[in-house]
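Structural overview
Next come the chains, spelled out residue by residue.
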Amino acid sequence: MGASEQVGDPDRFESGGEVELEIPARSEYVALVRLLVATVAATRAGLSDDRVDDLRIAVSEAVTNAIESYDRPDGRVKVVWREYPDHVEVLVCDSGRGFDPWSPAPRQHPGGEAAVERGLGIPLMKALVDEVHFSSSPQGTVAQLIVSCSSSSGAARAADLFTEGLGEGAD
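Procedures and definitions
Residues numbered from 1 in each chain as written. Predicted model: local features only at pLDDT ≥ 70, side-chain atom pairs only at ≥ 80, totals over all residues. Heavy atoms only, no water. Helix = DSSP H or I, 4+ residues; strand = E, 2+ residues; numbered from the N terminus. Buried < 20%, exposed > 50% of the residue type's maximum accessible area, 1.4 Å probe, protein only. Contact = heavy atoms within 4.5 Å. Areas by Shrake-Rupley, 256 points an atom, 1.4 Å probe, with all protein chains shown as cover. Salt bridge = Lys/Arg side-chain N within 4 Å of Asp/Glu carboxyl O. Expected span 1.5 Å × (residues − 1). Pairing = 2+ DSSP bridges. pLDDT = per-residue confidence, 0-100. Axes fitted to C-alpha atoms, helices over the stretch in contact; angles between N-to-C directions.

Turning to the overall build of the protein, a few remarks are in order. Scanning the protein for helices and strands turns up 4 helices and 5 strands. Taken from the N to the C terminus, the helices and strands of the protein come in the order β-α-α-β-β-α-β-β-α. Expressed as a percentage of the 171 residues in the protein, the buried residues total 39%. Sequence separation of at least 24 residues holds for 72% of the intrachain contacts in the protein that already meet a minimum separation of 6. Accessible surface for the protein amounts to roughly 9200 Å². Of this, 51% is attributable to carbon and sulfur atoms.

This model, assessed by the stated rule, comprises 8 salt bridges. Put simply, E22 and R76 hold a salt bridge, and the shortest N to O gap is 3.0 Å. Here R76 lies in strand β2 (residues 76-83) and E22 lies in strand β1 (residues 18-24), a separation of 54 residues in the sequence. Overall, the relative accessible area of 39% leaves R76 in the partly exposed class. Residue E28 is joined to R26 by a salt bridge in which the shortest nitrogen-to-oxygen separation is 2.8 Å. Salt bridges sharing common partners tie together E18, R82 and E89.

Right, let's talk about helix α2 (residues 49-68) for a bit. The first and last C-alpha atoms of α2 sit 29 Å apart over 20 residues, in line with the 28 Å expected at 1.5 Å per residue. Along α2, the residues that are buried comprise R51, V52, D54, L55, A58, V59, S60, A62, V63, A66 and I67.

This paragraph deals with the pairing of strand β5 (residues 140-148). With 7 of 9 residues buried, β5 is to be regarded as a mostly interior element. Alignment of strand β3 (residues 87-94) against β5, held across 8 bridges, turns out to be antiparallel. The residue bridging D94 from the neighbouring strand is T141, located in β5. Taking the residues that link successive antiparallel strands as the turn, the strand β4 (residues 131-137)-β5 hairpin has 2 residues.

Here we come to the confidence of the model for the protein. Mean pLDDT for the protein: 78, with 65% of residues reaching 70 or above. The low-confidence segment residues 9-14 (pLDDT under 50) makes 14 contacts with residues lying over four places distant or belonging to another chain.

A few words now on the sheet that holds β1. Taken in spatial order, the 5 strands of this open sheet run β1-β2-β3-β5-β4, and their pairing is antiparallel. The sheet terminates laterally at β1 and β4, the two strands that pair on one side only. For this sheet, the mean inter-axis angle between neighbouring strands, taken without regard to orientation, is 15°. Relative to β2, β1 runs antiparallel, the two sharing 7 bridges. Residue V19 lies in a different strand from β2, and its bridge partner there is W81. Contacting β1 and β2, helix α1 (residues 30-42) runs over the sheet at an angle of about 170° to β1.

See the structure below:
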């Protein structure tokens with residue numbers, strides 16, 4: 001991305017189609033987002049079944065993170081699907097509290113219980129898709145996931161990442 005372009009910049013949208021879905025920030029709606037991604041991706045020439053699965057999982061992780069960013073019951077999450085000639089872009093937008101995507105995940109939940117299964121979402125997204133970008137502020141976050149129509153599955157990269165990460169005690 002160029003220095004003047006922002007994550008999810010509408011001026012970068014060139015061709016193809018755009019699909020938007022806005023959901024309440026509640027975990028029971030993640031399955032609906034998965035269905036949307038799988039359905040729209042299945043119609044996209046050039047994305048193998050493995051790449052569709054990779055993107056579906058990565059978007060699920062981004063939506064889950066967006067849902068968890070809210071500390072109020074009226075939050076909303078918007079998912080935007082954009083097609084370009086050589087890639088697909090999915091934006092996951094929220095207006096919850098922002099975060100630093102480069103800081104390590106907390107080792108404990110706010111309630112004090114151990115966060116053994118926490119902090120794997122961003123590394124998983126990075127392993128499954130070709131590009132991941134974040135724009136975050138106190139007003140919300142946009143996660144941008146990009147998959148090239150000609151790239152191979154990220155599942156092997158994800159398995160390697162988790163094997164290495166678990167062996168080193170990383171989140």
